[in-house]
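Examination of the molecular architecture
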Amino acid sequence: MAVVAVPAMAESRWLACKVTDRGGQVRNFSVVFDDRRNTAGVWDGSSLAEGTSVAITFQAVRATFPNFTMTYNRNDGAFSMTPLGANYGGLLHGECRRSPAPAGVPADRR
């Protein structure tokens, strides 16, 4: 009996997210994360911003982006953003749910 071992392939997972800012405006976007590569990104419909200082655990995904930091709780889908500037007025809360990759995403991130 022969056993063949193949390397595990990393699979990007997508989340459809929404937050409501202090002015009441709803903001929709997508977040992608990959446990094996330890990467996270935000897709706004036209471009993908890669996160830095990404920490992915069984419970949460945390990452820093140029204009905000984000935390996604895998257990209940809760999402929070802390803008680095004063544009949104502090911590924003919302939610994310698993979704397929959105249209227009680069092929290497699907």
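Preceding block: the structure.
Everything numeric in this text was worked out from a predicted model, so none of it was measured.

Now for the overall build of the protein. Scanning the protein for helices and strands turns up zero helices and nine strands. Shown N-terminal to C-terminal, the secondary structure of the protein runs as helices and strands in the order β-β-β-β-β-β-β-β-β. For the protein, buried positions account for 34% of its 110 residues. Within the protein, counting contacts between residues at least 6 apart in sequence, those at least 24 apart form 34% of the total. When the accessible area of the protein is evaluated, it comes to approximately 6800 Å², of which 52% is carbon and sulfur surface.

Turning our eyes to something else, we now look at the pairing of strand β2 (residues 26-34). Where strand β1 (residues 13-20) and β2 come together, eight bridges link them in antiparallel fashion. Counterpart to L15 in the pairing with β2 is V31. Where β1 folds back onto β2 in an antiparallel hairpin, the turn is made up of five residues, including G24, whose phi is positive at roughly 90 degrees. In sequence, β2 turns back onto strand β3 (residues 39-43) through a hairpin of four residues, with N38 there showing a positive phi of about 55 degrees.

Ordered by their spatial adjacency, nine strands build an open sheet running β4-β3-β2-β1-β9-β8-β7-β6-β5, and the pairing between neighbours is antiparallel. The outermost strands of the open sheet, each flanked by one partner alone, are β4 (48-50) and β5 (52-56). Taking each pair of neighbouring strands and ignoring which way they run, the sheet shows an average axis angle of 25 degrees. Two strands pair when backbone bridges link them, and β1 and strand β9 (residues 92-99) are joined in this way by six bridges, in the antiparallel orientation. Within β9, the position partnered with K18 by the bridge is E95.

Here we come to the pattern of salt bridges. Counting across every chain of the model gives four salt bridges. Between D34 and R37 there is a salt bridge whose closest N-O contact spans 3.0 Å. Overall, the relative accessible area of 1% leaves D34 in the buried class. The exposure class assigned to R37 is exposed, which follows from its relative accessible area of 51%. Between R97 and E95 there is a salt bridge; the shortest N-O distance is 3.4 Å.

About the criteria used
Each residue is numbered by its place in its chain's sequence as written, counting from 1. A pLDDT threshold of at least 70 governs which residues receive local features in this predicted model, and a stricter bar of 80 or more applies before side-chain atom pairs are shown or counted, although totals over entire chains, interfaces and linings include all residues. By convention in this description, side-chain values take in all heavy atoms of the structure and omit both hydrogens and water. Counting from the N terminus, the helices are the DSSP runs of H or I reaching at least four residues and the strands are the DSSP runs of E reaching at least two. When accessible area is computed with a 1.4 Å probe and restricted to protein chains, residues below 20% of their type maximum are described as buried, those above 50% as exposed, and intermediate ones as partly exposed. Only heavy atoms enter the contact rule, under which two residues are in contact if any of them lie within 4.5 Å. Per-residue and other accessible areas follow the Shrake-Rupley method at a 1.4 Å probe size, with only the shown protein chains counted as cover for residues. In short, DSSP must find at least two bridges between two strands for them to pair. For every element, the axis is a line fit to its C-alpha atoms; helices are fit only across the contacting stretch, and the angle between N-to-C directions ranges from 0 to 180 degrees. By definition here, a salt bridge exists when the distance from a side-chain nitrogen of Lys or Arg to a carboxyl oxygen of Asp or Glu is within 4 Å.

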